[in-house]
Structures are given as structure tokens and as C-alpha cells.
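# Working through the structure, step by step
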Amino acid sequence: MAAALPEHGTDWETLKARMIASGDHDVKWREGKTAVYVFNAGPEVLAVQKEAYALFMSENGLGPMAFPSLKKMEEEVVGFGLSLLHGPEGSVGNMTSGGTDSISMAMKTARDYARSKGLVGTPNIVLPRSAHLAFDKAAKMMEIEVRRVPLKSFLADVEAIGAAADANTIMIAGSAPCFPYGLIDPIEDLGRLAEARGLWLHVDACVGGYAAPFVRMNGADIAPFDFAVPGVSSISADLHKYGFCAKGASTVFFRSEALRAHMIFDVSDWPGGRMVTPTLAGTRPGGAISAAWAVMNFLGVEGYRVKHRQVTDAREKIEAGVRALGFTVIGQPQLGLLAFTREDVDCMAVWGKLFERGWFTSLTTEPKGLHLMLSPFHLEVADTYLADIEWALGEVRKGAAGEKREARYS
Ligand SMILES: *Cc1c(COP(=O)(O)O)cnc(C)c1O
């Protein structure tokens, strides 16, 4: 039966202890054994997130006139993002609650832009197969057709995307990087296609938008993927991932106000007065905005470079380690995500063994493999991970050998 609201209140100390205890069986992300869902940039950043969130927790980003503080913080955060992503003169953006929100708003904007240019009938979007399912979620809400196109060497196949696009295509997209493999699609080629055909190109930099610029500053050769590519119309970039901000914070950017204008909701046809909102949310948690502002100012370019150096070092170490154990790393990951596979062992079983040792990581399915999304903190536990995956491999092999013997003797 569902829990009923208690008749009597309970004191906070008791509740707090109960809540902390309720997390006993959660993944041990503070120990670095989680490489999905959580981005751990260390206790200092965590403390800034928490305090800055609490400072503006009750304030509401819905009311910029009431809270000019939040308005200014959002504008600055958007400015930080645009400056990192080569936003040209006149480029604009907003904060949203997350990547799904940013992508949904970009699609809504692209659709309404297309309608303003005369689109009739069912709109469609054309995506590489590796694009995030957030596009499909938004498409279901807006009755947009999704065309997923097979990959070429695990990357967006630009020619195939061009072939799948037609007069009702409101958007084509590439990822920087995609979630399943952590690889950056050929955005420059997609940009040329978009320009040649007059298509709206969205770059999903949800997971890489606040990583790639710093990894590049640290010396990596990362091809242009943002507004530096002239054909890019919009970009999504999540602050609550590699921006190391508190959850509930992302950004969506547009090349110009003329494009963003199609995102804004501005209606007054009810007895409550005029309502103008840039994104889907009505009430907007002030804490998500203030925490993002604080973390970005706390780290600055130098701080981010240090954190992303640690992420890169962790990835390179783990990449080399799993290769040495006989895995094949998919493509050439450049950021903090990687996927690796092998045919001679059941990777799902290896995942299960790692779970027994307290690891919670992700998986890829095409091909079946293991998947990691690394935080700065993982540099400290990379050796433990490699030792544990070597152990897990041994266990899975022993198990498989045991099963074979049993099969023979039965
Ligand atoms: C995480 C992610 C999203 C979705 O973001 P949420 O914040 O989880 O809604 C979209 N695209 C990519 C590439 C992602 O990694």
C-alpha cells in the first residue's frame, strides 16, 4: 500500500538520520565506484554547489523583475557558455532544467521556425543512430517523426543523413560526443550539409559542451564542433554533467535572436495577466541557477582545465589498461566517456562481477560492451578499477569454463 502522510510531524534530526541511512544501499559514488549518473569533481566543488544552491533555493527564476539577481546570474552563465562555444555576435541562450529540456526546446524552436518558413504536414528530424533518446522523447510529445540513420565507423554518416532529409526535415543533429560511445560526430561535415541544404543543425553537446573546450585548451586536437562551424544553428550543453554544477541545470544556445524568438512563450489570454517564459518550466528553481553561477566562478577556466586534465588522465589510463586486458576500445574517444568490448567474453557478466565489487557503470548494446563516464575523481581509483576488471574477467572465464565442463559431464 502507498505510504500515507504521517499524522504527526517528526523532528528534523531524526528525519535527517533516517534519510542518510536510507542511502546505505545506494551506489558508492563518493568512493569513486560509480561512472554514470554522478559527476564527482571533489569535496570543494560539492560544498560550493550545496551552499550556493541553498542560498537561492526559495527564489524563483520565473520572475526576473522580482529576482534580478537570478536574471543576472543566468545571463552570466549563458555568456560563459557562449564564450566557450564560439558564440558569434548576436548569439543567445537560456538555462533549462537538463539536457532533455534543452533538446526539447531546440526542437520546438526549430519546428516553429520551419513553420514560419511555410512548413506544412508532419515535421521530421534526422539523427545518427547514436543520438540521445531525448530527441525521441521530445518528438513523441510534439508528434515529430524521428529518422535514425545507421552509423559509419560509429560516427554520424553525413551522406546518409543528407539522403534521409527532405522538405519536412526541421532539424538534423550530431553529438559532441554521443553518449553510447563518447565519440564526437563530424560536425564540420554536417555543417556543410546543413548550409548546402538550408537545414537546421543542432549539436547535442549535452555531455561534452563543458568538457571539450577545456580538453582542447589542455592540448587535445578536437575538431570544431560548436558555433565555430557556420552551419550550426543550436547547441545543447549540460551544466550538471561536465560543468560540475548542481543537478537541474543545462543550457540551450541559438546562433541568433531571430532563431530563439521561436522558443519564447508569450501569452496573456487568461485572467492572470501576461506570461512570458523562455523554456518549458513555469517556476524555475533559483538554486539550480545560483549553484551553476557559483561553481563556474569558483572553478574558472583554470579550475576546469585542472579537473578535465584529471578526467583525460583517468580515461587514458583506463583505456590503456583495458586494451592491455584484451578489450577493444570503440573508436577514438577524446573526452571522459569510453566504451569497450570483446567477443570472447560475455561483457554483461563482467559488468555483473564488477557490480559485486561495488562498481556501478553503464553498458553499450551495439556491440555489447562496457561503458564509463569518468569524473576527475576517477583518476584516484583507476588502478582499483583495472584490478577489479581483471579479477572480473577471470571470474567470468572460470564460470564459463565450469559451465562447459558441466555440460560435457552431464
Ligand atoms: C545526458 C545526455 C542527454 C540528456 O540530458 P539529461 O540532463 O539527462 O536530460 C542528452 N544528450 C546526451 C549526449 C547526453 O549525454
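Residues numbered from 1 in each chain as written. Predicted model: local features only at pLDDT ≥ 70, side-chain atom pairs only at ≥ 80, totals over all residues. Heavy atoms only, no water.

## What to know about the domain arrangement of the chain
Looking at the chain, the domain boundaries give domain 1 (49–296) and domain 2 (301–402). Measuring from the centre of the C-alpha atoms in domain 1 to the corresponding centre in domain 2 gives 29 Å. The partner domain 2 presents 26 residues to the 27 residues of domain 1 that form the contact. Interface area, domain 1 with domain 2, both sides summed: about 2,300 Å², of which 64% is carbon and sulfur. When residues of domain 1 are sorted by the area they lose upon contact with domain 2, Tyr181, Asn218 and Tyr242 head the list and together hold 27% of the total. (Domains from an automatic or database assignment. Contact = heavy atoms within 4.5 Å. Buried area = accessible area lost by both parts, 1.4 Å probe.)

## Topic: the packing of aromatic side chains
Counted according to the given criterion, the structure contains 13 aromatic pairs. Where Phe355 meets Phe360, the ring centres are 6.1 Å apart and the plane angle is 70°; that geometry is what we call edge-to-face. What links up through ring pairs into an aromatic cluster is the set Phe39, Phe214, Tyr242, Phe244 and Tyr304. One cation-aromatic arrangement involves Arg342 over Phe327; the distance from NZ or CZ to the ring centre is 4.9 Å. Of note, Arg357 hangs over the ring of Trp391, and the distance from its end group to the ring centre comes to 3.7 Å. (Phe/Tyr/Trp six-rings, centres within 6.5 Å; stacked < 30°, edge-to-face > 60°. Lys NZ or Arg CZ within 6 Å of the ring centre and 35° of its normal.)

## Some words on the pairing of strand β3 (residues 145–149)
Judged from the five bridges that link them, strand β2 (residues 124–128) and β3 form a sheet pairing that is parallel. From the neighbouring strand, Pro128 faces β3, where its bridge partner is Val149. Remark: the β2/helix α5 (residues 134–142)/β3 crossover connection has right-handed handedness. (Pairing = 2+ DSSP bridges. Helix = DSSP H or I, 4+ residues; strand = E, 2+ residues; numbered from the N terminus. Right-handed = clockwise from strand over helix to strand, strands pointing away.)

## So, the site of the ligand
Taken together, 13 residues form the shell around the ligand, and within it Gly99, Thr100, Asp204, His240 and Lys241 come nearest. Gly99 places a polar main-chain atom, nitrogen or oxygen, 2.8 Å from an oxygen atom of the ligand. In the environment of the ligand, an oxygen atom lies 2.5 Å from a nitrogen or oxygen atom belonging to the side chain of Thr100. By residue number, the principal contributor to the shell around the ligand is helix α4 (residues 99–116), which donates three residues. Taken together, the residues of the shell around the ligand break down into five nonpolar, five polar and three charged. (Near = heavy atom within 4 Å. Polar contact = N/O pair within 3.5 Å; in protein donor to acceptor, adjacent residues only side chain to side chain. Nonpolar A, V, L, I, M, F, W, Y, C, P; charged D, E, K, R; others polar.)

## Description of the sheet that holds β2
The mixed open sheet is built from seven strands, whose spatial order is β1-β7-β6-β5-β4-β2-β3. With partners counted over all chains shown, the strands left at the sheet margins are β1 (92–96) and β3, one partner each. Averaged over all adjacent pairs, the angle separating strand axes in this sheet is 20°, with direction ignored. Contacting β4 (169–175), β5 (201–204) and β6 (232–238), helix α7 (residues 187–197) runs over the sheet at an angle of about 165° to β4. (Axes fitted to C-alpha atoms, helices over the stretch in contact; angles between N-to-C directions.)

## Overview of the nonpolar core
Counting residues in each nonpolar core, the largest one holds 88 residues, and the members touching the most others are Phe340 and Ile389. No other element matches the twelve residues that helix α10 (residues 286–324) contributes to this core. Built from parts of two domains, this core gets at least three residues from each of domain 1 (49–296) and domain 2 (301–402). In this view, Phe340 contacts Val322, Phe327, Thr328, Val329, Ile330, Gly369, Leu370, Leu372, Tyr385 and Ile389; residues no more than four positions away in its chain are not counted. With 26 residues, the next largest nonpolar core counts Ala106, Ala110, Ala114 and Trp200 among its residues. (Core = buried A, V, L, I, M, F, W, Y, C linked by side-chain atoms within 4.5 Å. Buried < 20%, exposed > 50% of the residue type's maximum accessible area, 1.4 Å probe, protein only.)

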